[in-house]
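Tertiary structure, described
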Amino acid sequence: MRRAILSAVALGILASAACKESGDDGGVGVGADSVPPEFNPPGTADEVFAENELNIFRLTMAPADWQSIISDSRGDQWRRGALQWKNHVLRDVAIRPHGEWTRVAGNRKMSVVLKFDEFVPGRLFKGLRKLRLDGLSADASMMRDRLSYGLFRPRMAAPRVAHGRLFVNGEYRGLYMAEESVDEVMVQSRFGSELGDLYRIRSSAPDPYAFVTGNAGDYVPFPWEPKNDIRAPDPSRVIVLVQALAANPSAAPSVCDMDALMTYLAVEAAISDSDG
């Protein structure tokens, strides 16, 4: 029964994405003059991540900048563009490629991340500082991450997600998944305060949890990449963690929330996560 329900949800979303593709011109042209004036009324991210809606995201940017994203020729440099979503229009949105294993030059469904306060300090979109648009190019079902996050969220803080159709300079680029970025804004929305440092563990490292030395430079910024936007992180906490795990595993409860960790690992096993 559960499998049938999930299949019905998947088919419903994909069918909605497929309808009227040829009739939607994306809403805007290429030039900056064709983008309407900025209009960013208040609201919450719940509107973006509504379960019963299929988003339409429209990006307008210089063609050379978009091509540099597809070819991944300028790394993590932010490009400037405009975003339209429903009646919202945001100019001067920062855009760059995103991902790791699918971030391959020439990927026509390159994942991107949008940052709303890079060029306009303090600005948010529906309470979000960043929004990821995942091209789902490694997932033929285009549903795996959405269903997996659905298993995580009742048990711990996890990103909200929703599908959407992406248009760039009027051209339809395909079905994407909008994903809430794990940043300080998300932490504060879930826990009500800033709890500590945020890191992205780079999967290209052999073992990011191995104790190497007591030198912070052996861990930060690689393979522990700081993701704090507001203040500099304190790498000494990373050293305390990895040293405890390596030298005295029985001390793990003093440096980890073991209930949360075990819940996380159990859900990872249940969804057969192969992406680290």
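The structure reproduced in this document is the subject of the present report. Computed from a predicted structure; not experimentally measured.

1. A closer look at the overall build of the chain
Along the chain, the regular secondary structure elements total seven helices and nine strands. Counting all 276 residues of the chain, 42% fall into the buried class. Roughly 14200 Å² of accessible area belongs to the chain as shown, and the carbon and sulfur atoms make up 56% of that amount.

2. What about helix H3 (residues 144-152)?
If you check which residues of H3 are buried, you get Arg-146, Ser-148, Tyr-149 and Phe-152. Considered in projection along H3, the buried side chains sweep an arc of 165° and stay on one side of the axis.

3. Digging into the pairing of strand S5 (residues 130-134)
Within S5, four of the five residues are buried, leaving the element largely enclosed by the surrounding structure. Bridge analysis of strand S4 (residues 112-115) against S5 gives four bridges, and the strand direction is antiparallel. From the neighbouring strand, Lys-115 faces S5, where its bridge partner is Lys-130. By the bridge criterion, four bridges tie S5 to strand S7 (residues 171-180) in an arrangement that is antiparallel. Its bridge partner lying in S7, Arg-132 is registered against Glu-179.

4. Focus: the side chain of Asp-197
Within the secondary structure, Asp-197 is located in the loop between helix H4 (184-191) and strand S8 (199-201). There is a polar contact of 2.7 Å between the side chain of Asp-197 and the backbone nitrogen of Asp-234. Residues within four places of Asp-197 in sequence aside, it is in contact with Asn-228, Arg-231, Pro-233, Asp-234 and Arg-237.

5. Description of the pairing of strand S2 (residues 79-85)
Along S2, six of the seven residues are buried, which leaves the element largely enclosed by surrounding structure. Here strand S1 (residues 55-61) runs beside S2; their pairing, made up of four bridges, is antiparallel. Within the sheet, the bridge partner assigned to Met-61 lies in S2 and is Gly-81. By the bridge criterion, six bridges tie S2 to strand S3 (residues 88-97) in an arrangement that is antiparallel. Across the sheet, the residue bridging to Arg-80 is Ala-94, located in S3. The loop that links S2 with its antiparallel partner S3 comprises two residues; one of these, Lys-86, has a positive phi angle of about 50°.

6. Focus: the nonpolar core
The biggest cluster of nonpolar side chains holds 27 residues, and the ones touching the most others in it are Phe-57, Leu-114, Phe-116 and Leu-133. Residue assignment for this core shows that the elements contributing at least two residues are S1, helix H2 (63-70), S2, S3, S4, S5, strand S6 (161-168) and S7. Excluding residues that lie within four positions of it along the chain, Leu-133 makes contacts with Phe-57, Ser-111, Val-112, Leu-114, Leu-166, Tyr-176, Met-177 and Ala-178.

7. Observations concerning H4
Every buried residue of H4 is listed here: Glu-184, Val-185, Met-186 and Val-187. Where H4 is buried, its residues contact S7. Of the residues trailing H4, Gly-192 is marked for its positive phi of about 80°.

8. As for the packing of aromatic side chains
One pass over the full model with this rule turns up six aromatic pairs. Ring centres of Phe-167 and Tyr-172 lie 5.2 Å apart, and the angle between their planes is 50°; this geometry places the pair in the tilted category. Classification of Phe-167 by relative accessible area gives buried; the value is 1%. Through pairs of rings, three or more aromatic residues link up here, namely Trp-85, Phe-116 and Phe-125. Of note, Arg-58 hangs over the ring of Phe-167, and the distance from its end group to the ring centre comes to 5.9 Å. Across the ring face of Phe-119, the terminal group of Arg-80 is positioned such that the distance to the ring centre comes to 3.9 Å.

Conventions and cut-offs
- Residues numbered from 1 in each chain as written.
- Predicted model: local features only at pLDDT ≥ 70, side-chain atom pairs only at ≥ 80, totals over all residues.
- Heavy atoms only, no water.
- Helix = DSSP H or I, 4+ residues; strand = E, 2+ residues; numbered from the N terminus.
- Buried < 20%, exposed > 50% of the residue type's maximum accessible area, 1.4 Å probe, protein only.
- Areas by Shrake-Rupley, 256 points an atom, 1.4 Å probe, with all protein chains shown as cover.
- Arc of directions from axis to C-beta.
- Pairing = 2+ DSSP bridges.
- Polar contact = N/O pair within 3.5 Å; in protein donor to acceptor, adjacent residues only side chain to side chain.
- Contact = heavy atoms within 4.5 Å.
- Core = buried A, V, L, I, M, F, W, Y, C linked by side-chain atoms within 4.5 Å.
- Phe/Tyr/Trp six-rings, centres within 6.5 Å; stacked < 30°, edge-to-face > 60°.
- Lys NZ or Arg CZ within 6 Å of the ring centre and 35° of its normal.

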